[in-house]
Amino acid sequence: MPRVLLVEDDPAVRKGVELALRHQGHHVSAAASGEEGLGLLASCRPDVVVLDLMLPGIGGLDVCRRIREHDQVPIIIVTARGDDIDVVVGLEAGADDYVVKPVRARVLEARIRAVLRRMGPGPTTGRPRAEAHGELTIDRSGLVVTLRGEPIALAPSELRLLLTLSASPGQVLSRQQLLEAVWEHGYHGDVRLVDACVKRLRGKLGELSGDPRYIETVRGFGYRFRSA
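This section reports on the structure supplied with the text. (Residues numbered from 1 in each chain as written. Predicted model: local features only at pLDDT ≥ 70, side-chain atom pairs only at ≥ 80, totals over all residues. Heavy atoms only, no water.)

**What to know about the overall build of the chain**
Logical step 1: Scanning the chain from N- to C-terminus turns up eight helices and twelve strands.
Logical step 2: In terms of overall dimensions, the chain is globule-like: its C-alpha atoms have a radius of gyration of 18 Å, near the 17 Å expected for 228 residues.
Logical step 3: Relative to its full complement of 228 residues, the chain shows a buried share of 48%.
Logical step 4: Within the chain, residue pairs in contact and separated by at least 24 positions form 58% of the contacts whose partners lie at least 6 positions apart.
Logical step 5: Accessible surface computed for the chain: about 10,700 Å², of which carbon and sulfur atoms make up 52%.
Logical step 6: Positive and negative side-chain charges of the chain, numbering 31 and 30 respectively, have mean locations separated by a distance of 4 Å. (Helix = DSSP H or I, 4+ residues; strand = E, 2+ residues; numbered from the N terminus. Rg over C-alpha atoms; globule rule 2.2 N^0.38 Å. Buried < 20%, exposed > 50% of the residue type's maximum accessible area, 1.4 Å probe, protein only. Contact = heavy atoms within 4.5 Å. Areas by Shrake-Rupley, 256 points an atom, 1.4 Å probe, with all protein chains shown as cover. Lys, Arg positive; Asp, Glu negative; His and termini not counted. Charge placed at Lys NZ, Arg CZ, Asp CG, Glu CD.)

Given below as structure tokens:
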């Protein structure tokens, strides 16, 4: 039974989402504030966090950043507006996906299941399970990525994106292709998910701005992986 940590200050929304998730078979721990959510994180050990951005006290963005300091649990942020700048900021802070209020139970459930599937092995296309790309090593079987021999902590979306890109070095993949492969979003999905995740991944790979070593932007098309 997947464990969900729900952080939402609106009592009516919190109760409605909690009941819907329980109906889908999830074990739900609910928090009414960022402080309470951070306090529950260690005790409930969630498989996914559903986090409202507009919280009293410690805001949702700060909660997201604090979680990412020590934990790579999948995070789905909840925002009141799909075109809000908070979506981009939230994704760059470490969120894996987002849903827009009012939260529809079927949409949230689909996003939860999709983000949990990202914890599984990525595409292999017949390539060796462990492969070296210069100082970067990708173990597809163990889902471990190391840089200069040191493990890199990657969130599920970051790991899945790297596995997808590196499965076909030199091949350009459009943002839409990556959106469908990594996030399982359909044709009208939000490509901001891809761009924000690439930015986070580049930072963890130590890539310099304007001179990426592994993930190259192909303007007007998408991204490709360069095997160093």
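**Topic: the sheet that holds strand β8 (residues 144-147)**
Logical step 1: Read across the open sheet, the four strands follow the order β6-β7-β8-β9; overall the sheet is antiparallel. Sheet topology places β6 (130-133) and β9 (150-151) at the edges, where each strand pairs with a single neighbour.
Logical step 2: Pairing between β8 and β9: two bridges, direction antiparallel. By the bridge assignment, L147 is partnered in β9 with E150.
Logical step 3: Strands in contact with helix α6 (residues 156-166) are β6, β7 (136-139) and β8; relative to β7, the strand with the most contacts, it is inclined by about 100°. (Pairing = 2+ DSSP bridges. Axes fitted to C-alpha atoms, helices over the stretch in contact; angles between N-to-C directions.)

**Overview of the environment of E184**
Logical step 1: Examined against the element boundaries, E184 turns out to sit in the loop between α7 (175-183) and α8 (192-204).
Logical step 2: Judged by relative accessible area, which is 40%, E184 ranks as partly exposed.
Logical step 3: Taking C-alpha positions, E184 is 9.8 Å from R117, a pair spaced 67 residues apart along the chain.
Logical step 4: A distance of 2.5 Å separates polar atoms of two side chains, one belonging to E184 and the other to R117. (Polar contact = N/O pair within 3.5 Å; in protein donor to acceptor, adjacent residues only side chain to side chain.)

**What about the environment of Q72?**
Logical step 1: Turning to its location among the elements, Q72 is positioned in the loop between α3 (60-68) and β4 (75-79).
Logical step 2: For Q72 and E184, which are 112 residues apart along the polypeptide, the C-alpha to C-alpha distance reads 20 Å.
Logical step 3: If we ignore the near neighbours within four places in the chain, the residues touching Q72 are A153, L154, A155, P156, E158 and K204.
Logical step 4: In terms of polar contacts, Q72 uses its side chain to reach the backbone amide nitrogen of A155, at 3.1 Å.

**Re the packing of aromatic side chains**
Logical step 1: All told, the structure shown has one aromatic pair when counted by the stated rule.
Logical step 2: Both rings, one in Y214 and one in F225, keep their centres 6.0 Å apart while their planes meet at 20°; by these two values the pair is stacked. A residue pair is termed long-range when its members are at least 10 positions apart, and Y214 in the loop between α8 and β11 (215-218) and F225 in strand β12 (residues 222-225) qualify at eleven residues.
Logical step 3: Under the relative-accessibility criterion, Y214 is labelled buried at 1%. (Phe/Tyr/Trp six-rings, centres within 6.5 Å; stacked < 30°, edge-to-face > 60°.)

**Here's the deal with helix α4 (residues 85-92)**
Logical step 1: For α4, every residue scored as buried is listed here: V87, G90 and L91. Along the axis of α4, the buried residues cluster in a sector spanning 95°; they form a single face.
Logical step 2: On its buried face, α4 sits against α3, β4, β5 (97-100) and α8.
Logical step 3: The positive-phi residue at the C-terminal boundary of α4 is G94, with phi of around 130°. (Arc of directions from axis to C-beta.)

**A short note on the sheet that holds strand β2 (residues 27-31)**
Logical step 1: What the five strands build is an open sheet, ordered β2-β1-β3-β4-β5; its pairing is parallel. Every other strand in the sheet has two partners, leaving β2 and β5 as the edge strands with one partner each. On average, each strand axis in the sheet is inclined to that of its neighbour by 20°, with strand direction left out of account.
Logical step 2: As paired elements, strand β1 (residues 3-7) and β2 share five bridges and run parallel to each other. Bridged to V7 within β2 is A31.
Logical step 3: Its contacts with the sheet place α3 against β3 (48-52) and β4, and it is angled at close to 155° to β3.
Logical step 4: Sheet strands touched by α4: β4 and β5. Its angle to β4, the strand with the most contacts, is close to 165°.

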